[in-house]
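# Overview (structure and organization)
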Amino acid sequence: MQPYVLKLQFTEDVDDTSNRKHSEQSLNSIDTANFLQKFITPPLAELVGTAILGFINMFLSLQSTNQQLTSAVYDGVITFVLMAVFSNISGAHFNPVITMAVGFIGHCRFIIGTLMIFCQLLGSFLAALLSKALLTDLAFKSTFKYSLAEDERLLYSNPTQAFFLEILFSFMIACAYLFNGVRTQGRHGQLCAVNVALTRSLVTYVGYRTVGHCANMAISFGDSIATALFLCNSRLWSLLYIAVFADMIGAFLAALSYCGNMINVGEKNFAFMLLVLLTLPWYLGSD
């Protein structure tokens, strides 16, 4: 039986005792410590981690030299640090895409996955509230420069292109976690964190002026709520469906790719699927 949620180990040459321990425990156990460890601690870790991630990303969006590169580099660094801190508590997802992908392949139970996603969304919203409390109105608005500048954004991608780009980016993030963390049963946490962090940096850099803070439904949710409540701008809220549906599709495709690889399905099929995802946005967006 699989553990409630697969966790990562950052110690070399250590077996997956923690994951096996959870998998061997009875579902009918009423031990309070076990209940807290299974159902309460992982969602709380996701809430705190996502809140920290969202809060720092708000400040990274402020004016700086080469803002696009700065945001990409520090986004990856923050992701790695948070994964190192929370890896053995919740698996260090901080992203509904990863949680859904891990759940699709059976390494995160539905109830705990639902709680984790809820806490990720809540953590992102709390990050937006804290940012609003600590920043002036002008500075707070500037953190959404590329999210709210509709005319400038349309120079880079339209909603249809953004939808497929979001699918591609979420697919990349989920695959980085599945093939480096889940495939090794959490034993190579360092490798997983490094690959996810590098993928996060790449995705942030490429998607900075096209789909904003892409491939993270929780951050998109927090940004949408913040701009609607505090800036009276419903643009992000009206486009939230892109993040929701695209991230779900990306997570499903990543899980499908992982399962296909596990049963030795030809890799050419997945290369073709990736090529289609890369070219389809520009084809649909062309006149």
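Above this text sits the structure in question.
Residues numbered from 1 in each chain as written. Predicted model: local features only at pLDDT ≥ 70, side-chain atom pairs only at ≥ 80, totals over all residues. Heavy atoms only, no water.

### Describing the overall build of the protein chain
- Scanning the protein chain from N- to C-terminus turns up 14 helices and zero strands.
- When its helices and strands are written in sequence order, the protein chain yields α-α-α-α-α-α-α-α-α-α-α-α-α-α.
- Within the span of the protein chain, comprising 287 residues, buried residues form 53% of the whole.
- Considering only residue pairs separated by 6 or more positions, the protein chain has 78% of its internal contacts joining residues 24 or more positions apart.
- By element, 66% of the accessible surface of the protein chain is carried by carbon and sulfur atoms, the whole surface being about 13400 Å². (Helix = DSSP H or I, 4+ residues; strand = E, 2+ residues; numbered from the N terminus. Buried < 20%, exposed > 50% of the residue type's maximum accessible area, 1.4 Å probe, protein only. Contact = heavy atoms within 4.5 Å. Areas by Shrake-Rupley, 256 points an atom, 1.4 Å probe, with all protein chains shown as cover.)

### Some words on the environment of A255
- Along the chain, A255 turns up in helix α13 (residues 240-262).
- With relative accessibility at 4%, the residue A255 sits in the buried group.
- In sequence terms A255 and F171 are 84 residues apart; their C-alpha atoms lie 8.9 Å from each other.

### Digging into the pattern of salt bridges
- Taken as a whole and judged by the stated rule, the model has one salt bridge.
- For R200, the salt bridge is made with D75, and the minimal N-O distance between the two is 3.4 Å. Highlighted residues: R200 in helix α10 (residues 189-207) and D75 in helix α3 (residues 67-90), separated in sequence by 125 residues. Both residues of the pair, R200 and D75, count as buried. (Salt bridge = Lys/Arg side-chain N within 4 Å of Asp/Glu carboxyl O.)

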